Each structure stands twice: as structure tokens, then as C-alpha cells.
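# Descriptive structure summary
Listed below are the residues making up each chain.
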Amino acid sequence: MQPINVLKEASKLVYENVKGLAGTKAAAKDHGVGAGGDISRKIDVVAEKTVLDYLKKIKFECIVLGEECGRVELSKNPKGFVIMDAIDGSANAVRGIPFFCCSLAFATEDKLSSVTAGVVTDLSTGDMYWAARGRGAYCNSKRIHVHKEKPVYKIVGINVSGAKPSLIKRIQPLFENSNHARHLGANALELALFSRGLIDIYIDLREKIRVTDMAAGYLIAREAGGKILDKNLENLDSDLSYDTRLSFIAAANDELLKEILQQI
Ligand code: IPD
Ligand code: CA
Ligand code: CA
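Now for a look at the structure at hand. (Residues numbered from 1 in each chain as written. Chains lettered and ligands numbered in written order. Predicted model: local features only at pLDDT ≥ 70, side-chain atom pairs only at ≥ 80, totals over all residues. Heavy atoms only, no water.)

### What about the coordination of the calcium ion (ligand 2)?
Looking at the calcium ion (ligand 2), the protein donor atoms are Glu67 (OE), Glu67 (OE), Asp85 (OD), Asp88 (OD) and Asp213 (OD), and they sit 2.1 to 3.0 Å from it. Along the chain, the residues donating to the calcium ion (ligand 2) fall in the pattern E-x17-D-x2-D-x124-D. For the pair the calcium ion (ligand 2) and the calcium ion (ligand 3), the metal-to-metal distance amounts to 3.6 Å, and glutamate 67 bridges them. Of this pair, glutamate 67 sits in the loop between strand E3 (63–66) and strand E4 (70–73) while aspartate 85 is found in strand E5 (residues 81–88), placing the two residues 18 residues apart along the sequence. Across the pair, exposure class does not vary: glutamate 67 and aspartate 85 are buried alike. (Donors = N, O, S within 2.8 Å, 3.2 Å for Na, K, Ca; no water. Helix = DSSP H or I, 4+ residues; strand = E, 2+ residues; numbered from the N terminus. Buried < 20%, exposed > 50% of the residue type's maximum accessible area, 1.4 Å probe, protein only.)

### Description of the sheet that holds strand E12 (residues 181–182)
Pairing in this open sheet of 5 strands is mixed, and the strands run E12-E11-E13-E15-E14 from one edge to the other. Each having just a single partner strand, E12 and strand E14 (227–229) make up the two edges of the open sheet. Pairing of strand E11 (residues 156–158) with E12, which is carried by 2 bridges, proceeds in the parallel orientation. Residue valine 156 lies in a different strand from E12, and its bridge partner there is alanine 181. (Pairing = 2+ DSSP bridges.)

### A short note on the environment of methionine 214
Within the element layout of this structure, methionine 214 appears in helix H6 (residues 211–223). Sequence separation of methionine 214 and leucine 189 is 25 residues, and the distance between their C-alpha atoms is 9.9 Å. Not counting residues up to four positions away in its chain, the partners in contact with methionine 214 are Leu112, Asn187, Leu191, Ile209, Ile228, Leu236, Leu246 and Phe248. (Contact = heavy atoms within 4.5 Å.)

### Some thoughts on the layout of surface pockets
Roughly 610 Å³ of volume is contained in the largest pocket. Taken together, 28 residues line the largest pocket, and the ones lying closest to its centre are Asp38, Asp88, Gly89, Gly185 and Arg210. For the lining of the largest pocket, the secondary-structure elements that each account for two or more residues are strand E2 (39–41), E5, helix H3 (90–95), helix H5 (187–195) and strand E13 (201–209). Considering every element that reaches the lining of the largest pocket, the biggest residue donor is E13, with 4 residues. Tallied by class, residues from the lining of the largest pocket come to 7 nonpolar, 9 polar and 12 charged. Both of domain 1 (3–144) and domain 2 (156–261) provide at least three residues apiece to the lining of the largest pocket. Taken as a whole, the second largest pocket holds about 170 Å³ of empty space. (1 Å grid on protein atoms, 1.4 Å probe; cavity = no way out; pocket = protein on both sides within 12 Å on 5 of 7 lines; lining within 4 Å. Points joined across faces, edges and corners; volume = space filled by probe spheres on them. Nonpolar A, V, L, I, M, F, W, Y, C, P; charged D, E, K, R; others polar. Domains from an automatic or database assignment.)

### Thoughts on helix H4 (residues 165–176)
Between the first and last C-alpha of H4 there are 16 Å, a value that for 12 residues agrees with the 16 Å anticipated at 1.5 Å per step. Of all the positions in H4, only Leu167, Ile171 and Leu174 are classed as buried. Each buried residue of H4 lies within a common arc of 10° when the element is viewed along its axis, so the set occupies one face. The exposed residues of H4 that point more than 90 degrees off its buried face are Pro165, Ser166, Lys169 and Glu176. Looking at the buried positions of H4, the neighbouring elements they touch are E11, E13 and helix H7 (254–261). (Expected span 1.5 Å × (residues − 1). Arc of directions from axis to C-beta.)

The following block contains the structure:
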């Protein structure tokens, strides 16, 4: 089975299994601190178990890097890594805000740039964003692209949760110059909306994003024609380590990128 089909199948199962749980008291139950450093909630654990059980059932030979469960070696002869954020946007999922997703990626080596398949499933609607390297990006069966024309309303995605005062000061012009700044609370799904052309620029310079938050969205955004740069304005890349924290600027085109860079 192709990795992309494995990821699609696993995320469909997550969608089915967490449907009734989001926004309930049970979803919030504390399961201790996960590998990514945050508290794992019941909804996170149910979703991760769904993926792990499926991968075991089909004997998919891989090493899983999960936001809650950490590194799980499912084979002595792994073909690559499954990078799993079974619930991205946990706070939204627990509170019942309908913006959270399942983010799964497959990488052949210990590098973000070696991700060859990515699936982000919107767990409120079931919409599946996916990409296989070199084959383009899709929402369900429809090909998607970042927004290349001049937008009617320019939507600027900026993540500032927990940002240091110095960063807030640096990016203040972005807020001043935008009537449509957004932060929706699930990094992978925000990258999917960017890939679909609904957000024009998406910026997170907090040095907080983990590889698990990024891996699937990174491939989908690139396959949709987006640029994703690091804080030094190089093409974003990193290892797949748990300690790695990322900053990035995703832009739909060069003109928008230039405009943003003049402000920060
Ligand atoms: C979080 C979300 C959020 C981002 C945080 C992430 P989680 O992931 O992607 O949008 O601001 O930095 O940790 O904890 O909901 O999987
Ligand atoms: Ca996450
Ligand atoms: Ca998560």
C-alpha cells in the first residue's frame, strides 16, 4: 500500500472515532504530559491510538513520531517515518470550536524535505487535504493551488499566542496594515487553507512550531505552489527531532512576500 493511501485511511478512521468526542467534558480528560511537552487530552490519545492500531493492523513498516506518544518503532526494518499530530488544534477540539484536524505525514529520511506524502483532515467537516510529492495538492478529489491573483480581501494569518513582547513589537506593522489578520488555532489546517488559496500569507515567528505541527502542511503547501521560508528567508527544512522548534513565513507569491518583508 502506498504511504499516501495509508495516511488517508488512518485519518478517515480518526475522523470517525473522534466525531462524538469534540467539545465534550470527556474529551478534556488529562492523560499526563505527552512527548511534545503539552498535556495530552483524552481526544488526543483516542486519535493517536486509532492511527497506531491501524498501522499495526496493516503491518506498515515504519517509525512513528507522535506528538503525544513520542517515537514508536513498529518495525525493525522501517521504510520511513510517520509524523503524527493526530489532533492539531487540541484546544479548539476540547472546547468544541470547529477548527481542528488530523495531520499525518510520511518521510523517507530524518528531514522535513524528505516528506513524500501528507494528509490533513479537517475533523469538523471530514474534508481531506493531501499531497504526494511531485503529484500536486488536493482537497478531496479537487486539485488546489495557493491564491496567485490579487485578493479581494487580503487575509494575513499570524500566530502570536505566547509571543514575546519583542516579537509583538516587530510584527505590529502587520496588524496595523491589515484589516483581515487571522489566527485560527490549528497550524496544519491553517496551512491547508493557505494551500487552498483562502489565506494569502501565513506567518509564525514564535520559534514554537514542532515538526509534528508542520510536516503534512509543509508538503501540501509546497505542492500547491506556495513558498515556505524559515526565519532567515531560506527554504524551510529541519530534522524531525522532538526538540526542533520552527518559525516560518508561508507566502502565496513573491509580491506578497516582498510586501510583508518590508514591514517586519
Ligand atoms: C498547536 C496548534 C496551534 C499552534 C501551537 C501548536 P496542538 O498544536 O497547531 O495552532 O499555535 O503552537 O502547538 O497542541 O493543538 O497539537
Ligand atoms: Ca499540533
Ligand atoms: Ca496535537
